[in-house]
Amino acid sequence: MISRLTASLSRIGAVALFLLQVLAACGPALLRPRLIVQQVYNTGARSLVIIMLCGLFVGMVLGLQGYDLLARFGSESALGVAATLGLLKELGPVVTALLFAGRAGTSLTSEIGLMRATDQLTAMQMMAVDPLQRVIAPRFLGGIIAMPLLAAVFNIIGIYGAQLVGVSLMGVDQGTFWSQMQGAVALHDVNEGIVKSAAFGVICSLLAVYEGYNAEPTAAGVGLATTRTVVASSVMTLVVDYMLTAAFLKV
Amino acid sequence: MTTQPTPSAATGQALVELRDVHYRVGSRALFSGVNVTVQRGSITAVMGPSGTGKTTLLRLITGQIAPSAGTVTVFGRDLATLRRADVFAMRKRMGMLFQNGALLTDLDVFENVAFPLREHTRLPETVLRTLVLMKLQAVGLRGAATLMPQQLSGGMARRVALARAIVMDPEILIYDEPFVGLDPISMGVVARLIRSLNDALGITSIVVSHDVQEVGAIADQSFIVADGTVIASGTSEQLQSSQQPAVQQFLQGAADGPVPFHYPAADYRTDLAAAGSAR
């Protein structure tokens, strides 16, 4: 019990130290934007289809559940507001982060882990190239840039999904749906979602590159590291989500 | 880019020197007093049974790890006194060939060889292209420039890695087990490349291997590492005539000898009897 506690504490410390190293490497990496753009494509563009698909269905479910709940109070007209706030502040950032961990995080971890296992990272060091600058920092930054963008796409598709179900299927008036939304959703709601998704982007990207970089250089080690990425990213996303929500609501 | 010393004028000078090097992992001592000297312009072989830390020796020489005691001197400078930037500067004067090539899987053959140039120099594209194609021609793989690493055979991957290792014109070239897993033809090709590159470019080569025949044929001097120290050194002929049982066992590949065939275990009969009574 005690040893497990110290093990998890020391892991948190190791991740924090790794973050400092990566941040130090980010400066030089920023001078080579092409590498970062490449990673935004790798982690972002390649996750786009799954994000859009899930956004659509999450939005549609919100439309159904929201209508069912609001109809009990006779306030179906607030469906647009309910769905949009739910997506912007919670579901958009969180579900995107979970999907990102599963789609992009795992591929980052296994890619870097395999580079470690096949001596590619050591080879770079031997060529006097710092793998933290050349490999890790661009992937870390790429993930941070990609995540809020993906969350934004998720939100837009989700809102249209809610509209599809609420207006076309359940018969909420289209004008009310949009005008109520326009009246009740303020810019700070949007900002809250952006801050959250940026924070989740840091968490998911950091854990993915950390696990990959420190993976045991074997096939089994890379597999294990990939699993740890998904588990750790998902748990940390939800924990930090609660803390950020509490901070925004000033509880 | 570094200027090449003429091999004849510079030979006889120690380029890499390990003096009384100790290295321990945890409580286990991997090296206890290793002395190795590598002369400029020579091919030096480091041989030894598996698990004696030959690769660790390379990591000591390249400054990836520091010895627990003793000094490692490369290019006349003690590695312990170097800062990180100095170590990187030193590595630009070294090339290293990894066991499996360690090519970057997301780049094609051309870009793999061009990688060190792109990272460290600002050469115009035409010059860079000429340099890369020259190195690929030297290893006979100019025609494979557009292939991805996954499409290469083991021997080809190693030759591409060799082209990458020499693209910055290093003064020292280090080979980690260059013959493992190669068919006889590729083995001969790699061995001949090591010798010809060494002589043509005036490089100093360090070859870590346990392929006694292949390495013995090309090495100017060999060190046999076992039990944490150098148990024998000299030219191939000197080693062949060595009277030490451990050296003879290794060179002739005898199954039993100073390195026992059996992993330490309880007495065979007692073990079997115990298994019988347990039923």
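Each chain has its residues counted from 1, running along the sequence as written. Chains and ligands are labelled sequentially in the order written, the chains with letters from A and the ligands with numbers from 1. Note on the predicted model: pLDDT of at least 70 is required for a residue's local features to be given, and 80 or more for side-chain atom pairs to be given and counted; whole-chain, interface and lining totals, by contrast, use all residues.

**Looking at the overall build of chain A**
Inference 1: Think of it this way: any DSSP run of H or I at least four residues long counts as a helix, any run of E at least two long counts as a strand, and we number them from the N terminus. A count of helices and strands for chain A gives nine helices and zero strands.
Inference 2: Counting helices and strands in the order they occur from the N terminus, chain A gives α-α-α-α-α-α-α-α-α.
Inference 3: Its C-alpha atoms give chain A principal-axis dimensions of about 70 × 45 × 30 Å.
Inference 4: Relative to all contacts within chain A whose residues are 6 or more apart in sequence, the contacts with residues 24 or more apart total 87%. Residues are defined as contacting one another if the C-beta atoms placed from their backbone atoms lie within 7 Å.

**Considerations on the interface of chain B and chain A**
Inference 1: The interface of chain B with chain A comprises 14 residues on the first partner and 10 residues on the second.
Inference 2: If you list the elements that add at least two residues to the side of chain B that touches chain A, you get helix 3 (84–91) and helix 4 (109–120) of chain B.
Inference 3: Gly is placed with the polar residues, together with every amino acid not listed as nonpolar (Ala, Val, Leu, Ile, Met, Phe, Trp, Tyr, Cys and Pro) or charged (Asp, Glu, Lys and Arg). Among the residues making up the side of chain B that touches chain A, the classes are represented as seven nonpolar, four polar and three charged.

**Structural notes on the packing of helix 1 (residues 2–30) of chain A against helix 6 (residues 131–169) of chain A**
Relative placement of two packed helices is described by the angle separating their axes and the distance separating the axes.
All names here are of chain A.
Inference 1: Here, axes are lines fitted to C-alpha atoms. For helices the fit covers the stretch in contact, and angles between N-to-C directions go from 0 to 180 degrees. At a closest axis distance of 8 Å, the pairing of helix 1 and helix 6 adopts a crossing angle of 95 degrees. The orientation of helix 1 with respect to helix 6, classified from their angle, is roughly perpendicular. Contact residues: helix 1 offers Gln21, Val22, Ala25, Cys26, Pro28 and Ala29, while helix 6 offers Leu132, Gln133, Ile136, Ala137, Pro138, Phe140 and Leu141.
Inference 2: For the contact of helix 1 with helix 6, the class distribution of residues is 11 nonpolar, two polar and no charged. Should an angle lie under 35 degrees it is considered roughly parallel, over 145 roughly antiparallel, and from 65 to 115 roughly perpendicular; all remaining angles are considered oblique.

**Concerning the sheet that holds strand 1 (residues 14–25) of chain B**
All names here are of chain B.
Inference 1: A pair of strands counts as paired when DSSP detects no fewer than two bridges linking them. Here we have four strands laid out as an open sheet, ordered 2-1-4-5, and antiparallel in their pairing. Strands at the two margins of the open sheet, each flanked by one partner only, are strand 2 (28–39) and strand 5 (77–78).
Inference 2: Sitting on the sheet, helix 2 (residues 54–61) touches strand 1, strand 2 and strand 4 (69–74), and the angle it makes with strand 1 is about 120 degrees.

**Considering unusual backbone geometry**
As a rule of thumb, non-glycine residues mostly have phi less than zero, and peptide bonds are mostly trans rather than cis.
Residue and element names in this part refer to chain B.
Inference 1: Even without being a glycine, Asp169 presents a positive backbone phi close to 50 degrees.
Inference 2: For Asp169, the location among the structural elements is in the loop between helix 6 (154–166) and strand 7 (172–176).
Inference 3: A tally of 17 C-beta atoms within 10 Å means that Asp169 is categorised as partly exposed. Our exposure labels follow a C-beta count within 10 Å of each residue's own C-beta, placed from the backbone: buried means 20 or more other C-beta atoms, exposed means 12 or fewer, and partly exposed covers the counts in between.

**With respect to the pairing of strand 8 (residues 204–208) of chain B**
Residue and element names in this part refer to chain B.
Inference 1: Most of strand 8 sits inside the fold, with five of its five residues counted as buried.
Inference 2: Pairing between strand 7 and strand 8: five bridges, direction parallel. Considered in strand 8, the bridge of Leu173 is made with Ser205.
Inference 3: For the handedness criterion, the β-α-β arrangement of strand 7, helix 7 (residues 184–201) and strand 8 is classed as right-handed. Handedness is read with the strands pointing away from the viewer; a crossover is right-handed when the path from the first strand over the helix to the second is clockwise.

**Let's talk about helix 9 (residues 219–248) of chain A**
Since one α-helical turn is 3.6 residues long, residues separated by three or four positions face the same way.
Residues and elements named next belong to chain A.
Inference 1: With 30 residues, helix 9 extends 43 Å from end C-alpha to end C-alpha; this agrees with the ideal 44 Å at 1.5 Å per step.
Inference 2: Lining the buried residues of helix 9 we find helix 4 (79–117) and helix 8 (187–213).
Inference 3: Following helix 9 by one or two positions, Lys250 has its phi on the positive side, about 55 degrees. By this rule, a helix spans an expected 1.5 Å times one less than how many residues it contains.

**Regarding the packing of helix 8 of chain A against helix 9 of chain A**
Residues and elements named next belong to chain A.
Inference 1: Direction vectors running N to C along helix 8 and helix 9 enclose 155 degrees, while the axes themselves pass 9 Å from each other. Relative to helix 9, helix 8 is oriented roughly antiparallel. Every pair of crossing elements has a handedness; the one defined by helix 8 and helix 9 is right-handed. Residue-level inspection shows Glu192, Lys196, Ala199, Phe200, Ile203, Cys204, Leu207, Ala208, Glu211 and Gly212 of helix 8 in contact with helix 9, the latter providing Ala225, Arg228, Thr229, Ala232, Ser233, Met236, Thr237, Val240, Asp241, Leu244 and Phe248. Helix crossings get a hand from a simple test, with the near helix turned counterclockwise from the far one by less than a right angle marking a left-handed crossing and a clockwise turn marking a right-handed one.

**A look at the sheet that holds strand 7 of chain B**
All names here are of chain B.
Inference 1: With mixed pairing, six strands are arranged side by side in an open sheet as 6-7-8-3-9-10. The open sheet is flanked by strand 6 (94–97) and strand 10 (229–234), the only strands paired with a single partner. The sheet shows a mean angle of 15 degrees between the axes of neighbouring strands, direction not considered.

**Describing the confidence of the model for chain B**
Residues and elements named next belong to chain B.
Inference 1: As a per-residue quantity, pLDDT reports the predictor's confidence and falls between 0 and 100. On average, chain B scores 85 in pLDDT, and the residues at 70 or more come to 95%.
Inference 2: Across chain B, the element-wise mean pLDDT spans from 41 in helix 1 (residues 7–10) up to 94 in helix 4.
Inference 3: With pLDDT under 50 throughout, residues 1–11 is counted as low confidence; its partners more than four residues away or in other chains account for 17 contacts.

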